[in-house]
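# Tertiary structure, described
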Amino acid sequence: MDIFNEVGFHQLIKEPTRITPTSSTLIDLMFTLCPEKISNIHHLCPLGTADHDVIAFDYAVGCEVIKTSNMVIRYRDIKSIDHVAFSHVASMLNWQDVNFFDNVDDKLNFLYSLINNLLNIFAPIKTMITKKKYSPWLTKKIRRQIRRKNNAWCRFRSTRSQADWVFYKNLLKDTKRMINTEKRIQMNHFVNHNASNPRTLWSGLRNMQIIDRKISHSTTHALSDPNTVNKYFNQSVHHGNAFTPSNLNVAENRIAISMKNFDLSSVTSWQVLDAVQSLSKSSKGNDNISMDEIKLCIPFCINALTDVINFSLYSGTVPSAWKTSIISPIPKVTHAVSIEQYRPISILPAMSKILERIVHKQVDAHLEEGNLYYEKQSGFRKDHSTTTALLHTISTLKRNIDRGEVTLLCLLDFSKAFDTVNHSTLITKLTSLGFSRRASNWFKDYLCDRNQRTKIVTDGNILISHFRSLAIQYICF
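Residues numbered from 1 in each chain as written. Predicted model: local features only at pLDDT ≥ 70, side-chain atom pairs only at ≥ 80, totals over all residues. Heavy atoms only, no water.

### Looking at the overall build of the chain
- Across its full length, the chain holds 14 helices and 13 strands.
- A separation threshold of at least 6 residues defines the contact pool for the chain, and within that pool the share at least 24 residues apart is 68%.
- Working note: accessible area of the chain is about 29700 Å², and carbon and sulfur atoms make up 55% of it. (Helix = DSSP H or I, 4+ residues; strand = E, 2+ residues; numbered from the N terminus. Contact = heavy atoms within 4.5 Å. Areas by Shrake-Rupley, 256 points an atom, 1.4 Å probe, with all protein chains shown as cover.)

### A short note on the pattern of salt bridges
- In this structure the tally under the stated criterion is 13 salt bridges.
- In this structure, aspartate 174 engages arginine 177 in a salt bridge whose closest nitrogen and oxygen atoms are separated by 4.0 Å. Taken together, the positions of aspartate 174 and arginine 177, both in helix H5 (residues 162-193) and 3 residues apart, correspond to about one turn of that helix.
- The exposure class of aspartate 174 is partly exposed, given its relative accessible area of 30%.
- Residues aspartate 445 and lysine 323 are paired through a salt bridge, measuring 3.6 Å at the closest nitrogen-oxygen approach. One end of the pair, aspartate 445, is in helix H14 (residues 437-447); the other, lysine 323, is in the loop between helix H10 (291-315) and strand S9 (324-331), and 122 residues separate them in sequence.
- A cluster of three or more residues bridged by salt bridges with shared partners is formed by Glu15, Asp53 and Arg157. (Salt bridge = Lys/Arg side-chain N within 4 Å of Asp/Glu carboxyl O. Buried < 20%, exposed > 50% of the residue type's maximum accessible area, 1.4 Å probe, protein only.)

### With respect to the packing of aromatic side chains
- Tallying each qualifying case throughout the model produces 12 aromatic pairs.
- Each ring, one from phenylalanine 86 and one from phenylalanine 122, has its centre 5.5 Å from the other, and the planes form 75°; the classification is edge-to-face. One end of the pair, phenylalanine 86, is in helix H2 (residues 83-92); the other, phenylalanine 122, is in helix H3 (residues 104-122), and 36 residues separate them in sequence.
- Phenylalanine 86 gets classed as buried once you look at its relative accessible area, which sits at 1%. (Phe/Tyr/Trp six-rings, centres within 6.5 Å; stacked < 30°, edge-to-face > 60°.)

### With respect to the nonpolar core
- Within the largest apolar cluster, 57 residues are counted, with the highest numbers of intra-cluster contacts made by Leu111, Ile115, Val272, Ile309, Met351 and Ile354.
- Going through the elements one at a time, H2, H3, helix H9 (269-278), H10, helix H11 (350-369), helix H13 (423-432) and H14 are the ones with two or more residues in this core.
- Considering each element in turn, this core owes the most residues, 12 residues, to H10.
- If you look at the next biggest cluster of nonpolar residues, it comprises 9 residues, including Trp137, Ile142, Phe190 and Met208. (Core = buried A, V, L, I, M, F, W, Y, C linked by side-chain atoms within 4.5 Å.)

### A closer look at a nonpolar patch on the surface
- Residues Ile41, Phe57 and Tyr59 make up a contiguous nonpolar surface patch of about 260 Å² in total accessible area.
- Tracing the chain through its elements places isoleucine 41 in strand S5 (residues 38-44). (Patch = residues over 30% accessible without salt bridge, like charges linked within 9 Å, V, L, I, M, F, W, Y side chains within 5 Å.)

### A closer look at unusual backbone geometry
- If you check the backbone angles, asparagine 288 has positive phi at about 60° while not being a glycine.
- One can find asparagine 288 in the loop between H9 and H10.
- The class for asparagine 288 is partly exposed, based on a relative accessible area of 38%.
- The backbone of aspartate 383 sits at a positive phi, close to 65°, despite the residue not being glycine.
- By the element assignment, aspartate 383 lies in the loop between H11 and helix H12 (386-402).

### A look at the pairing of S9
- Counting buried positions along S9 gives 6 out of 8 residues, so the element sits mostly inside the fold.
- Pairing geometry for S9 and strand S10 (residues 342-347), over 6 bridges, is antiparallel. Bridging from a neighbouring strand, isoleucine 326 pairs with isoleucine 347 of S10. (Pairing = 2+ DSSP bridges.)

### A few points about the side chain of threonine 32
- In this structure, threonine 32 sits in strand S4 (residues 31-32).
- For threonine 32, the residues in contact, after removing those within four places along its chain, are Gly8, Phe9, His10, Leu12 and Ile38.

### A closer look at a positive patch on the surface
- On the surface, a cluster of positive charge is made up of Lys140, Lys141, Arg143, Arg144 and Arg147.
- The residue arginine 144 is located in helix H4 (residues 140-159) in this model.
- Taking relative accessible area as the criterion, arginine 144 reaches 46% and is therefore assigned partly exposed. (Lys, Arg positive; Asp, Glu negative; His and termini not counted. Charge placed at Lys NZ, Arg CZ, Asp CG, Glu CD.)

### Re the environment of isoleucine 27
- Mapped onto the secondary structure, isoleucine 27 falls in the loop between strand S3 (23-25) and S4.
- Linking isoleucine 27 and histidine 52, residues 25 residues apart in sequence, is a C-alpha distance of 9.0 Å.
- Ignoring any residue separated from it by four or fewer positions in sequence, one finds isoleucine 27 in contact with Thr17, Arg18 and His52.

### Describing the packing of H13 against H14
- Here H13 crosses H14 at 160°, and the two axes come no closer than 10 Å. Overall, the two elements H13 and H14 adopt an arrangement that is roughly antiparallel. In the crossing of H13 with H14, the sense of the turn from one axis to the other is right-handed. Residue-level inspection shows His423, Leu426, Ile427, Leu430 and Thr431 of H13 in contact with H14, the latter providing Ser440, Phe443, Lys444 and Leu447. (Axes fitted to C-alpha atoms, helices over the stretch in contact; angles between N-to-C directions. Parallel < 35°, antiparallel > 145°, perpendicular 65-115°, else oblique. Left-handed = near helix turned anticlockwise from the far one by under 90°.)

### Details of H13
- Among all positions in H13, only His423, Thr425, Ile427 and Leu430 are buried.
- In this fold, the buried residues of H13 make contact with H14.
- At the N-terminal end of H13, a side-chain oxygen is found 3.0 Å from the backbone nitrogen of serine 424, two or three residues along, and the residue is asparagine 422.
- Two residues or fewer after H13 comes glycine 434, characterised by a positive phi angle close to 100°. (Polar contact = N/O pair within 3.5 Å; in protein donor to acceptor, adjacent residues only side chain to side chain.)

### Some details on the confidence of the model for the chain
- Per-residue pLDDT for the chain averages 82, and the proportion of residues at 70 or more is 84%.
- Put simply, helix H8 (residues 252-257) is where the chain has its lowest mean pLDDT, 45, and H10 is where it has its highest, 96.
- Counting interchain partners and residues more than four positions distant, the pLDDT-below-50 stretch residues 214-218 has 12 contacts.
- Considering only residues more than four positions removed or in separate chains, one finds that residues 250-259, a stretch of pLDDT under 50, has 14 contacts. (pLDDT = per-residue confidence, 0-100.)

Pasting the structure below:
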């Protein structure tokens, strides 16, 4: 204590902070260089299953106190919809009027208006304020037990009797046992129920704070201005010296294997429905419509959605609304302090993923049937994964060992690999792989005129930047 006194510290806790029937110990200390700013020091009963007093006090900070707000969540309660009434109203809407429009944006806007009007009637947007962390194991019975334990502690602190101490310790032991038992039951049920859904599993574990969150509701100064963050993510891509189309080397023998040209073909409503059902839950994009809400409306709007998709494929144009993304900054490290330590995650409209899934299926079929994939490629191919890549590597190593040969393995990790792809080269390569002019134009339009806005959630507030066109515009045709 003398050492602290010599440098000007003051220890303000005077009463014992851990009390038993046989002892009263002052082991929780509080040092300060400004004792005049601290007042009203008092002891509170221990929190949870602890046996140390909680020390509360008033502190004069001398500036405006910024209170942390509760998290505000806006959602549609589609689980409580009257499905009979919903089906009746939805079936009466003029979905077929989408055919009267001759522009893909007008078609999509009409479809959006019908869906939003329908949802606003049967599932209006509600607001929910989250105050505490999600702890499903704290049942009403356990909360009553915690209150009994706290009351027993206050009674013992005032009486200091052996009987009240034993009564408190028994309640404390029972409280710990009840919490651990209920927590184990809840966790086993949650893990077993979501074992086949990793996204829901890990999200739930973070919500229950079983594992650390990747991002906290308290944001660093680096993310205080969403427009600055949006500008950084937009301009952080270094394009470098990309290959020009004249330098593109395509294996002629593989191209010759498939003399069949490729064109994006129209789809049926059944194919669109299959694409919808293959997509899982996703975050809401700029259109504020989730995949669950789309699946709710799909029995009634399937023909209208099919018309929008087919018009996009036929005209070689992509709806402008589907080329707008919301960027969510996710920290690369546990405690990110600078903007460079955040990774931009792009959230696209859920409905746009249906079109992307259909186009991907057609392109993948063309490349597989024409044997246009590199034989050893394992990424982004059906029935391939890191496992097939490892099997190929291991078998090559073993074969070379048997032959008495030396193997050199060169591993490359490209920074921002997809962001630095030269779009002119990409379109040229697609053309060399048999893509028709219309198919190439669709990909050109998909890549051009895209924009983004950054969304930051901090201290219960949502900060959204202005729209900003992507910095890759210069490579558009």
